[in-house]
Amino acid sequence: MKQLWHKAKFKEQMAGYLFILPNMSGYLLFVFFPIVFSLFLVFVDWDYLKGFEGIRWVGFGNFQELGDDTKFLKSLLNNTIFTIVSVPVSMLLGLLLAVVLNKYVFFKQLFRTLIFLPYVSSLVAVSVIWSIMYNAQEGPINEFLRSIGVSNPPGWLSSPQYALIAIILMSVWVTIGYAMVIYLAGLQGIPKDLYEAAEIDGASKLRQLAQITVPMLTPTTFLIVITLVIWSFQVFGPVAVMTQGGPIDSTYVLAYHIYLLAFRFYKMGYAATVSWILFTVIFIVTMVQWQLQKRWQHYF
Amino acid sequence: METAYKRKEVAHFVYKRTRSKSISFALKVFVSLLMGLFALVMIIPFLWMISTSFKVNGEVFDYPIQWIPNQWNFENYKKVWTGDNPFYLYYFNSLKITVITVAGNLFTSAMAGFAFARLQFKGRNFLFLLYLSTMMIPSQVLLVPRFILFDTMKLINTHYSLILPGMFTVFGTFLMRQFFSTLPGELLEAAKVDGAGYWRTFWQICLPLTKPALMTLLILTFTWHWNDYEQPLIFLRDKALYTIPLGLTTFVEEFGTDYVLSMAASVSALIPILIVVVICQKWFVEGITSSGLKG
């Protein structure tokens, strides 16, 4: 009997290993090994064009280089501005749209689909469209602005002051649909009797929104903020297509910096270092969010 | 006296209710109109793209915008689809890469997810923890070492460099494990009693029940690989191997200020997939929402 049990146990073990084998082997080769390898790259200077002879151990030299790398600092700043501006705007607009769509409109599904379309579109394709629409001299956006009386509309992608704003605007247009759809799902989870009780107590719609809807949606808000923050720190396509980081580095971002370092200048070690900084930023932001969420849950 | 007061209160409440209902109808019409306007503004870039793609170059920036071209020009599309680097080639490449990657990812993720959730084996928790610890690593960290790896494996400039890493994802495994854990234990007991082996338990009994999770994973990985730009940009060299986003940007670079042509290419890249999204919008919305909320 005991032997039989052992045999069954053994069989289950074997089945377990066989079931994870395909995924595990791919994971080790294409995820785990690259991560370990990348951690090694952080400590070397590698001119990739010289092949494996180009590797030189530099210890923490790459980290020291970060402080003098004005492009890196600029990209960190731009990513931060990008995130601080775009995330709250997308979030608030998404919330507003979700609340309105949930109750106050006909053709709810049609509107939801239309507003959601930019988010599932290829970012590269929408960047191509917007870069032509942003044309400073005769693009439709500036023509429209002139027609409503703005005599000197911004130069958008060709102007160092406005290029980042132009990309942020487009990104908000892309991510509103995401925030809205997630908020819509969150709204389904709020019990109806909360509103009925508030109604009987005579609370106005606005007060219901502020004191029931928004607090009950907090976990959803956390999810949206984390996703959008990560999204904004990784932004690459729009910059690569619309501005290539210019004019005068005004739209230079981390992901684009890593791309140029590694695949234009073949500085593999330093590129890996910058990519780990990107990871660190994402990691810290996520951890802070988590802690905040935990604390929030204590209140309720 | 008291009942009369109560009755009055109830009457007032009912009055308020019905009044608010009739207001809400008028309000609903008004808000719907506003929302319609907003939705229209949201899709203006798409409408402008379609309209422009049928124009000739001189008319691109006419203002007020001529939404319906004076003369329909189909030459642009002819160039996009039958030129030196025709778009059907990019479609073929994108379809090939996406279909194989997504199918492979669903398969390996489901298998590993099943094992992590339902089978006992030594080192299970350790291995799963290992997976979890690497889940937050952004793709940018992987790009550099993967490029070197693929270069030594002579896989640069092949579709393998895009397909292989996409087939084994931490996210997919995690998602499937979470879903397999929610299946009732009796189900597996019953399968065992009936003498079903592990494979049959997985393939015929459990897998059909995980359809919602598979659907979520399918939608997410499909949109991700279909729209991915950075990886093809780094790993592919020959134009004949390009995917749609990469093909589009090369096209745009090549023809520079030929905006009409760029728009025809953008329409070719976007519209087919947008039609799929509109038809399957329920799946797309559900797939994208459930990934975060249930995880």
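Residues numbered from 1 in each chain as written. Chains lettered and ligands numbered in written order. Predicted model: local features only at pLDDT ≥ 70, side-chain atom pairs only at ≥ 80, totals over all residues.

- Chain B is annotated in an unreviewed UniProt entry as Carbohydrate ABC transporter permease of Paenibacillus arenilitoris.
- We quote the UniProt Subcellular location (unreviewed entry) comment for chain B here in full: "Cell membrane". (UniProt positions renumbered as here; feature names shortened; annotations may be inferred.)

- Looking at an unreviewed UniProt entry, one finds chain A named Sugar ABC transporter permease, with Paenibacillus arenilitoris as its source organism.
- Entered under Subcellular location (unreviewed entry) in the UniProt record, the comment concerning chain A runs "Cell membrane".
- What UniProt states about chain A under its Sequence similarities (unreviewed entry) heading is, verbatim, "Belongs to the binding-protein-dependent transport system permease family."

## Observations concerning the overall build of chain A
Stage number 1. Counting secondary structure elements, chain A contains 13 helices and two strands.
Stage number 2. The C-alpha atoms of chain A give 25 Å as radius of gyration, which overshoots the globular expectation for 300 residues (19 Å, by more than 25%).
Stage number 3. With the C-alpha coordinates aligned to their principal axes, the bounding extent of chain A is approximately 75 × 70 × 35 Å.
Stage number 4. Looking at chain A as a whole, 43% of its 300 residues are labelled buried.
Stage number 5. Across chain A, contacts joining residues at least 24 apart in sequence account for 68% of those joining residues at least 6 apart. (Helix = DSSP H or I, 4+ residues; strand = E, 2+ residues; numbered from the N terminus. Rg over C-alpha atoms; globule rule 2.2 N^0.38 Å. Buried ≥ 20, exposed ≤ 12 C-beta atoms within 10 Å, placed from the backbone. Contact = placed C-beta atoms within 7 Å.)

## Brief notes about the UniProt feature "domain: ABC transmembrane type-1" (unreviewed entry) in chain B
Stage number 1. Within this structure's numbering, the places UniProt gives as "domain: ABC transmembrane type-1" (unreviewed entry) are residues 91-280 of chain B.
Stage number 2. Here residues 91-280 of chain B is 77% helix and 0% strand, with 20 Å between the C-alpha atoms at its ends.

## A few points about the UniProt feature "transmembrane region" (unreviewed entry) in chain B
Residues and elements named next belong to chain B.
Stage number 1. The UniProt entry lists residues 25-50, 97-116, 128-148, 160-180, 201-226 and 259-280 under the feature "transmembrane region" (unreviewed entry), expressed in the numbering used here.
Stage number 2. Helix makes up 100% of residues 97-116 and strand makes up 0%, while its end C-alpha atoms are separated by 28 Å.
Stage number 3. This span, residues 201-226, is 85% helix and 0% strand, and a straight line between its end C-alpha atoms measures 33 Å.

## As for the UniProt feature "domain: ABC transmembrane type-1" (unreviewed entry) in chain A
Stage number 1. Residues annotated by UniProt as "domain: ABC transmembrane type-1" (unreviewed entry) correspond here to residues 76-289 of chain A.
Stage number 2. This span, residues 76-289 of chain A, is 75% helix and 0% strand, and a straight line between its end C-alpha atoms measures 20 Å.

## Some thoughts on the environment of N23 of chain A
Stage number 1. By the element assignment, N23 of chain A lies in helix α1 (residues 2-41).
Stage number 2. Residues N23 of chain A and T175 of chain A lie 152 residues apart in sequence; the distance between their C-alpha atoms is 32 Å.
Stage number 3. In this structure N23 of chain A touches T108, S109, M111, A112, F168 and T173 of chain B, once residues within four positions along its chain are discounted.

## Re the UniProt feature "transmembrane region" (unreviewed entry) in chain A
Residues and elements named next belong to chain A.
Stage number 1. Using the residue numbers shown here, the UniProt feature "transmembrane region" (unreviewed entry) corresponds to residues 20-44, 81-101, 113-133, 162-185, 214-233 and 268-288.
Stage number 2. Secondary structure within residues 81-101 divides into 100% helix and 0% strand; the distance between the first and last C-alpha atoms comes to 30 Å.
Stage number 3. The span residues 214-233 shows a helical share of 95% and a strand share of 0%, and its end C-alpha atoms are spaced 26 Å apart.

## Points about the domain arrangement of chain A
Stage number 1. The domain boundaries assigned to chain A delineate domain 1 (2-41) and domain 2 (69-299).
Stage number 2. Distance from the C-alpha centre of domain 1 of chain A to the C-alpha centre of domain 2 of chain A: 38 Å. (Domains from an automatic or database assignment.)

## Structural notes on the domain arrangement of chain B
Accessible area lost during the coming together of the parts is what is often quoted as the interface size.
Residue and element names in this part refer to chain B.
Stage number 1. Split by domain assignment, chain B resolves into domain 1 (2-76) and domain 2 (83-294).
Stage number 2. The distance between the C-alpha centroids of domain 1 and domain 2 comes to 36 Å.
Stage number 3. Listed as interface residues are nine residues of domain 1 and, on the opposing side, eight residues of domain 2.
Stage number 4. The class makeup of the residues in the side of domain 1 that touches domain 2 is four nonpolar, four polar and one charged. (Nonpolar A, V, L, I, M, F, W, Y, C, P; charged D, E, K, R; others polar.)

## What about the environment of V288 of chain A?
Residue and element names in this part refer to chain A.
Stage number 1. Residue position: V288 is located in helix α13 (residues 268-299).
Stage number 2. Accessibility expressed as a C-beta count within 10 Å gives 12 for V288, which makes it exposed.
Stage number 3. Taking C-alpha positions, V288 is 9.9 Å from I226, a pair spaced 62 residues apart along the chain.

## A word on the nonpolar core
Stage number 1. One finds M180, I258, A262, M268 and A271 of chain A together with V144 and L248 of chain B to be the most contacted residues of the largest nonpolar core, which totals 157 residues.
Stage number 2. Looking at this core, the element that brings in the most residues is helix α7 (residues 163-188) of chain A, giving 17 residues.
Stage number 3. Beyond its immediate stretch of four places on either side in the chain, V144 of chain B contacts S38, L41, A262, M268, A271, A272 and S275 of chain A. (Core = buried A, V, L, I, M, F, W, Y, C linked by C-beta atoms within 7 Å.)

## Looking at unusual backbone geometry
Residue and element names in this part refer to chain A.
Stage number 1. Backbone geometry places I248, a non-glycine residue, at a positive phi of 45°.
Stage number 2. Within the secondary structure, I248 sits in the loop between α11 (237-242) and α12 (254-263).
Stage number 3. Judged by the 11 C-beta atoms lying within 10 Å of it, I248 is exposed.
Stage number 4. At Y266, a position not held by glycine, the phi torsion is positive, near 55°.
Stage number 5. Take Y266: it is sitting in the loop between α12 and α13.
Stage number 6. Of the residues examined, Y266 has 15 C-beta atoms within 10 Å and is grouped as partly exposed.

## Notes on the environment of M287 of chain A
Stage number 1. Take M287 of chain A: it is sitting in helix α13.
Stage number 2. For the pair M287 of chain A and I226 of chain A, spaced 61 residues apart in sequence, the C-alpha to C-alpha distance is 9.7 Å.

## Observations regarding the packing of α12 of chain A against helix α5 (residues 139-152) of chain B
Stage number 1. Their axes nearest at 10 Å, the elements α12 of chain A and α5 of chain B cross at an angle of 10°. When the axis of α12 of chain A is compared with that of α5 of chain B, the two are roughly parallel. Contact with α12 of chain A, carried on its side by A255, I258 and A262 of chain A, involves Q140, L143, V144 and F147 of chain B of α5 of chain B and no other residues of that element.
Stage number 2. Each residue belonging to the contact of α12 of chain A with α5 of chain B can be placed in one class, and the counts come to six nonpolar, one polar and no charged. (Axes fitted to C-alpha atoms, helices over the stretch in contact; angles between N-to-C directions. Parallel < 35°, antiparallel > 145°, perpendicular 65-115°, else oblique.)

## A closer look at the confidence of the model for chain B
Stage number 1. For chain B, the average pLDDT comes to 85, and 91% of its residues sit at 70 or higher.
Stage number 2. Quick note on the complex model: pTM equals 0.87, ipTM equals 0.87. (pLDDT = per-residue confidence, 0-100.)

## Quick word on the interface of chain A and chain B
Stage number 1. Every contact between the two is made by 72 residues of chain A and, on the other side, 72 residues of chain B.
Stage number 2. Per-element accounting of the side of chain A that touches chain B gives the leading share, 20 residues, to α1 of chain A.
Stage number 3. The residue makeup of the side of chain A that touches chain B, split by class, is 54 nonpolar, 14 polar and four charged.

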